[in-house]
Amino acid sequence: MLDFNSAKRSLFSYVLAGLAIVLMTFNLLLIFIVAPTDAVLGDIQRIFYIHVPIAVMSFLAFFVVCIGSIMYLIRRTSYWDRLAHSAAEVGVVFVTITLLTGVVWARPVWGVWWTWEPRLTTTLILWLIYVAYLMVRSYAPNRSQGSLYAAAIGIVGFVDVPIVYYSVQWWRSIHPAAVVGPLAESGSLEPIMRNILLVSLVAFVLVFVWLLQQKMAIQKASDLLISISHISDRTRV
Amino acid sequence: MSDMIGKGILVQGLCKSYGNKPVLWDLNLEVNWGEILVLFGANGAGKTTLLRILSTQARADSGTIQVAGYNAKRQHQNIRQNVGVVAHQSLMYEDMTARENLMFYAKMYRIDDIKLSVEEVLVRVGLESRADDRLRTLSHGMKKRLAIARATLHDPKVLILDEPEAGLDEVSTVNLGNLLYEWVQKGKAVLMTTHNIDIGTNWANRVAILSNGAINEIDSIKVEDIKRKLYGNSMRPDVNYD
Amino acid sequence: MLTMTNNFHVFAAILSKDILLDFRGRDIIFSVPIFGILLILLFNFALDVTPDMVDDLAPGILWVSFAFSGVLTMNRSFVREKEQGGLEGLLISPISRDIIFFGKAASNFLFMILVEFVLLLALAVMLGFLVTSWVLVLTIVLTTIGFATLGTLFSAIAVETRSREVMLPVLFFPLIIPILIGAVEVTSEVIGGTSGAVARWLPLIGIFDALFLIICPWLFSAIIQE
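Enquirer: Account for the overall build of chain B, naming residues and giving values.
Expert: Looking only at helices and strands, chain B has 8 helices and 10 strands in total. In terms of C-alpha radius of gyration, chain B reaches 18 Å, essentially the compact-globule figure of 18 Å for 242 residues. Judged by the C-alpha coordinates and their principal axes, chain B covers about 50 × 45 × 40 Å. Out of the 242 residues belonging to chain B, those deemed buried represent 45%. Contacts spanning at least 24 positions in sequence make up 68% of the contacts within chain B whose residues lie at least 6 apart.

Structure, rendered in structure tokens:
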């Protein structure tokens, strides 16, 4: 029936928001003030502290989409559907930011806007799969079919992404890029850089969880509203 | 027939919504063995939805549904084996002949003697002469008759028919009526929807109306009573509502 | 009742019905190979293919043509079912959804192989690209299995959405990139390119196929009906 609880603001969401704000502020301070300027790349390197956690978050989001999709297909409750949908919406934002920050970094550092290196390429494909997921939801003839079809995409897509990554990596080893830039992430990281990166990661995890929870609450509220509007339909003349 | 379990159709508390819009709720329905139940209802009342749920084409949100004694949630394959369906769509392939279509479905229903069953059913609906013509070339009425043939091919215990008489000529309509009558004489069950009140009341053992998401049964099978229930007080005596 | 041979008969019936309709319908039997040949033609002009470039470009041209023709094939198959109500008819029959999936995937697979054979001939004639190799045949078979498996699932979804012509490519292409890369690399090696490609990519394609041959039928059963 009508369950209003999960649509309300709860103590949990306030605490979460508070923590996220505090930690993110601290994080930004660390990134822009405390972190040392990279000897080779200069200040532009700081984008790395944002790019990497957000990239990790986009993959995490897709993992949540996959779990939600599997559970939805098994249990068919709207909670799992909402979880998958919300994670996909938040995830697509994160992937877009990943791609944009990647491009912004690539230009000054490598001299090109884009390169077909495995991580970037896989991220692009991930973006395409997210977009297909959301497209299927909105182009389906009705909501429940849309949820089912999207669940299939969420599962198949998630299974495929690692395969895509490895195949691009192998392909890349045969066709190396014209520009080989310093891929700082896998190189040597000074301890302080690593620590800031970790802080940033935690901050973004909090932001992700908060966004996810907000989106789910909004979705739930919207569903409730529609249910209420149909109550009058059920009265018998 | 001794192997009939339960009732032909038994529905209790069925609810179905599309998205958040409820279509059927708290719906109860019974069709006994050896009985034809004719269901009337205005367009959009949910008749097709109900039939689709009973034929396992769609799933109900909640409620107990038994068809031919089998539970719709757990034994849907059993239901499918024992139900014959005539739906709005033709369910058959335009580029294949009548005989090819029936033979294909005979394999789907795992019938033992395919040739025999197909010939029998073609004769029963009077299509032997056109059996090797492609469906494209058949008239609408003939396609309807073929649909009825398809529905009865595997000798199901329950027939679920959505406006089966629509588009049929006089002779074919009478044939269909006879077929249904013979069907229930053998102890089987039929659920049928129609907009034709005369035919519906003639053929029915019992009559029901689907409105406001649930079933109302009617005591008499008088045509005037049914018209009044369907169209309410807005009926005008001088207009023919058929 | 639900014995192995019984299931096989149902599968065979669905497969032969689809093949029969493909030939009788006369829609995809002509249009898809012609489309594929047109693609090769376009590539020839757009890439300005000269005889010395053929070996470099042909594998890519081949597999892109295969992929696009495959999409056309699979789209048509489910559109026909939907238009004539065939799929509903199958769904209310007492057969398992897995068999429906395999029947459709098998018919898609066979048709794609046929088209690919025609396109190989076309490529041989138009660009002088002639390869006879069992490894290539194996690659084509394995990769087409991958195409058919994912493509059948996605076309069942796409046919129900609006903008269905676009929906299938949008779903299909990103996900088949691994086997597309593999197929192109193996094809390159077969005509004398870098070595080691076969040993590396064929297992990848095989694993891809095995994985999705398990997942896709299950997903199909789960989503095909409300």
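Enquirer: Summarise the environment of P169(C); cite the residues concerned and give the values.
Expert: Along the chain, the position of P169(C) falls in helix α7 (residues 164–175). In the structure, P169(C) is positioned 11 residues away from A158(C) in sequence and 9.2 Å away in space, judged by C-alpha atoms.

Enquirer: Would you mind going over the interface of chain C and chain A in detail, with residue names and values included?
Expert: The interface of chain C with chain A comprises 26 residues on the first partner and 28 residues on the second. By residue number, the principal contributor to the side of chain C that touches chain A is helix α9 (residues 197–223) of chain C, which donates 8 residues.

Enquirer: Just give me the short version of the nonpolar core, but keep the residues and values in it.
Expert: Across soluble globular proteins, nonpolar side chains have a tendency to be buried as a group. The biggest cluster of nonpolar side chains holds 201 residues, and the ones touching the most others in it are A152(A) and V67(B). In this structure V67(B) touches I9(B), L54(B), A72(B), I79(B), V83(B) and V158(B), once residues within four positions along its chain are discounted.

Enquirer: Please set out the interface of chain C and chain B residue by residue, giving values where relevant.
Expert: Taken together, the 22 residues of chain C in the interface contact 23 residues of chain B. Those elements giving two or more residues to the side of chain C that touches chain B turn out to be α1 (4–25) and α4 (86–91) of chain C. Per-element accounting of the side of chain C that touches chain B gives the leading share, 9 residues, to α1(C).

Enquirer: I'd like a rundown of the environment of K73(B), residues and numbers included.
Expert: All names here are of chain B. When you line up the elements, K73 lands in the loop between β5 (70–71) and α2 (76–82). The exposure class assigned to K73 is exposed, which follows from the 12 C-beta atoms found within 10 Å. Here the alpha-carbon distance between K73 and S62, two residues 11 residues apart in the chain, equals 9.9 Å.

Enquirer: Break down unusual backbone geometry for me, citing the residues and quoting the values.
Expert: Residues and elements named next belong to chain C. A positive phi angle is found at D48, which is not glycine, with a value near 55 degrees. Note that D48 resides in the loop between α2 (28–46) and α3 (54–84). With a phi close to 60 degrees, S163 is a non-glycine residue in the positive phi region. Along the chain, S163 falls in the loop between α6 (134–158) and α7.

Enquirer: Explain the sheet that holds strand β1 (residues 9–18) of chain B to me, and be specific about the residues and the numbers.
Expert: The antiparallel open sheet is built from 4 strands, whose spatial order is β2-β1-β4-β5 (chain B). Two strands lie at the open edges of the sheet, namely β2 (21–31) and β5 of chain B, each paired on one side alone.

Enquirer: Can you explain the sheet that holds strand β3 (residues 36–40) of chain B? Please cite residues and give values.
Expert: All names here are of chain B. Strand order in the open sheet made by the 6 strands is β6-β7-β8-β3-β9-β10, with mixed pairing throughout. Each edge of the open sheet is held by one strand with a lone partner, namely β6 (83–86) and β10 (214–217). Across this sheet, the average inter-strand angle for adjacent strands is 20 degrees, counted without regard to direction. As defined by bridge partners, strand β9 (residues 206–211) adjoins β10 across 4 bridges and the pair is classed as antiparallel. Opposite S211, over in β10, you have A214 as the bridge partner.

Enquirer: Which residues make up the packing of helix α8 (residues 177–190) of chain C against α9(C), and what values do they have?
Expert: When two helices pack together, their arrangement is given by the angle between the helix axes and the distance between those axes. Residues and elements named next belong to chain C. Direction vectors running N to C along α8 and α9 enclose 150 degrees, while the axes themselves pass 9 Å from each other. Of the possible angle classes, the one that applies to α8 and α9 is roughly antiparallel. Of the two elements, α8 crosses α9, and the hand of that crossing is left-handed. Residue-level inspection shows P178, I179, G182, E185, V186, S188 and E189 of α8 in contact with α9, the latter providing A197, V198, W201, L202, L204, I205 and F208. When the residues that make up the contact of α8 with α9 are grouped by side-chain class, the tally is 10 nonpolar, 2 polar and 2 charged.

Cut-offs used in this document
Residues numbered from 1 in each chain as written. Chains lettered and ligands numbered in written order. Predicted model: local features only at pLDDT ≥ 70, side-chain atom pairs only at ≥ 80, totals over all residues. Helix = DSSP H or I, 4+ residues; strand = E, 2+ residues; numbered from the N terminus. Rg over C-alpha atoms; globule rule 2.2 N^0.38 Å. Buried ≥ 20, exposed ≤ 12 C-beta atoms within 10 Å, placed from the backbone. Contact = placed C-beta atoms within 7 Å. Core = buried A, V, L, I, M, F, W, Y, C linked by C-beta atoms within 7 Å. Pairing = 2+ DSSP bridges. Axes fitted to C-alpha atoms, helices over the stretch in contact; angles between N-to-C directions. Parallel < 35°, antiparallel > 145°, perpendicular 65-115°, else oblique. Left-handed = near helix turned anticlockwise from the far one by under 90°. Nonpolar A, V, L, I, M, F, W, Y, C, P; charged D, E, K, R; others polar.

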